[in-house]
Amino acid sequence: MKKLMSVTLCLLTCLVLLVGCGAQDTPEPWDNATYTADTTLGSGKTVCTVAVKVDTHTVTFTLHTDKETVGAALQEHNLIAGDEGEFGLYIKQVNGITADYDANKAYWAFYENGQYAMTGVDTTAITQGVSYELVYTKE
């Protein structure tokens with residue numbers, strides 16, 4: 001009986017240890033977001049609206065700026081960060097949310113009026129009436 005109790009106790013201890021070492025909750029992208037609701041920023045003459053989409057959640061930024069490009073307006077308000085490359089700014093972070101292609105094949109896709117943009121965010125001129133989107137995308 002003592003042997004059975006010892007084995008049972010040992011197995012129970014192992015089970016508790018395995019559960020404790022199990023998969024940790026990975027933070028959801030919006031857990032790291034700077035803004036989680038629609039937000040208006042700035043005081044410039046030009047208005048630019050940029051939607052940030054991750055999964056099924058969207059936050060829309062209405063930016064009042066004197067900058068000429070979408071990228072400059074977003075950088076003015078610390079909404080994007082990335083690396084400069086031969087093709088312009090490679091966005092790695094939007095609104096505090098990181099897309100790491102090397103880690104999980106995620107990247108930020110840039111859209112104009114619902115179509116994949118043919119220019120980068122840092123070279124796209126702000127145009128009245130055009131809607132812009134940055135969409136967290138995984139291959």
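Residues numbered from 1 in each chain as written. Predicted model: local features only at pLDDT ≥ 70, side-chain atom pairs only at ≥ 80, totals over all residues. Heavy atoms only, no water.

Caption draft 1: Region of interest: the overall build of the protein chain. A tally of helices and strands in the protein chain yields three helices and nine strands. The order of α-helices and β-strands along the protein chain, N terminus first, is α-β-β-β-α-β-β-β-α-β-β-β. Contacts in the protein chain between residues far apart in sequence, at least 24 positions, make up 46% of those at least 6 positions apart. Accessible area of the protein chain: about 9,100 Å², with a carbon and sulfur share of 55%. (Helix = DSSP H or I, 4+ residues; strand = E, 2+ residues; numbered from the N terminus. Contact = heavy atoms within 4.5 Å. Areas by Shrake-Rupley, 256 points an atom, 1.4 Å probe, with all protein chains shown as cover.)

Caption draft 2: Highlighting the pattern of salt bridges. By the definition in use, this model includes two salt bridges. A salt bridge links glutamate 133 to lysine 53; the shortest N-O distance between them is 3.1 Å. Remark: lysine 53 occurs in strand β2 (residues 46–54) and glutamate 133 occurs in strand β9 (residues 132–138); sequence separation between them is 80 residues. Here aspartate 83 ties to lysine 92 by a salt bridge, and the two come within 2.7 Å at their closest N and O atoms. (Salt bridge = Lys/Arg side-chain N within 4 Å of Asp/Glu carboxyl O.)

Caption draft 3: Up close: unusual backbone geometry. Positive phi, normally seen in glycine, also occurs at aspartate 55, with a value near 55°. Residue placement: aspartate 55 occurs in the loop between β2 and β3 (57–65). A residue is classified by how much of its surface remains accessible, and aspartate 55, at 63% relative accessible area, is exposed. The backbone phi angle of lysine 105 is positive, close to 60°, even though this residue is not glycine. Residue position: lysine 105 is located in the loop between α3 (101–104) and β7 (106–112). (Buried < 20%, exposed > 50% of the residue type's maximum accessible area, 1.4 Å probe, protein only.)

Caption draft 4: Summary view of the packing of aromatic side chains. What the rule picks out here adds up to four aromatic pairs. With a centroid separation of 6.1 Å and 5° between ring planes, the pair formed by phenylalanine 110 and tyrosine 132 is classed as stacked. Residue phenylalanine 110 is located in strand β7, and its partner tyrosine 132 is located in strand β9; the two are separated by 22 residues in the primary sequence. Look at tyrosine 132 and you get buried, because its relative accessible area is 2%. (Phe/Tyr/Trp six-rings, centres within 6.5 Å; stacked < 30°, edge-to-face > 60°.)

Caption draft 5: The arrangement of the sheet that holds β7 in detail. Pairing is mixed in the open sheet, where six strands are placed in the order β1-β3-β2-β9-β7-β8. Whereas interior strands pair on both sides, the edge strands pair on one side only; in this sheet they are β1 (39–42) and β8 (115–116). Pairing between β7 and β8: two bridges, direction antiparallel. The residue bridging glutamate 112 from the neighbouring strand is glutamine 115, located in β8. (Pairing = 2+ DSSP bridges.)

Caption draft 6: Representation of the pairing of β9 within the structure. Where burial is concerned, most of β9 is hidden: six out of the seven residues are buried. One ladder, built from four bridges, connects β2 with β9; its direction is parallel. The residue bridging alanine 51 from the neighbouring strand is glutamate 133, located in β9. Of the pairings in the sheet, the one linking β7 to β9 comprises seven bridges and is antiparallel in character. When the sheet's bridge partners are listed, tryptophan 108 is paired in β9 with tyrosine 136.

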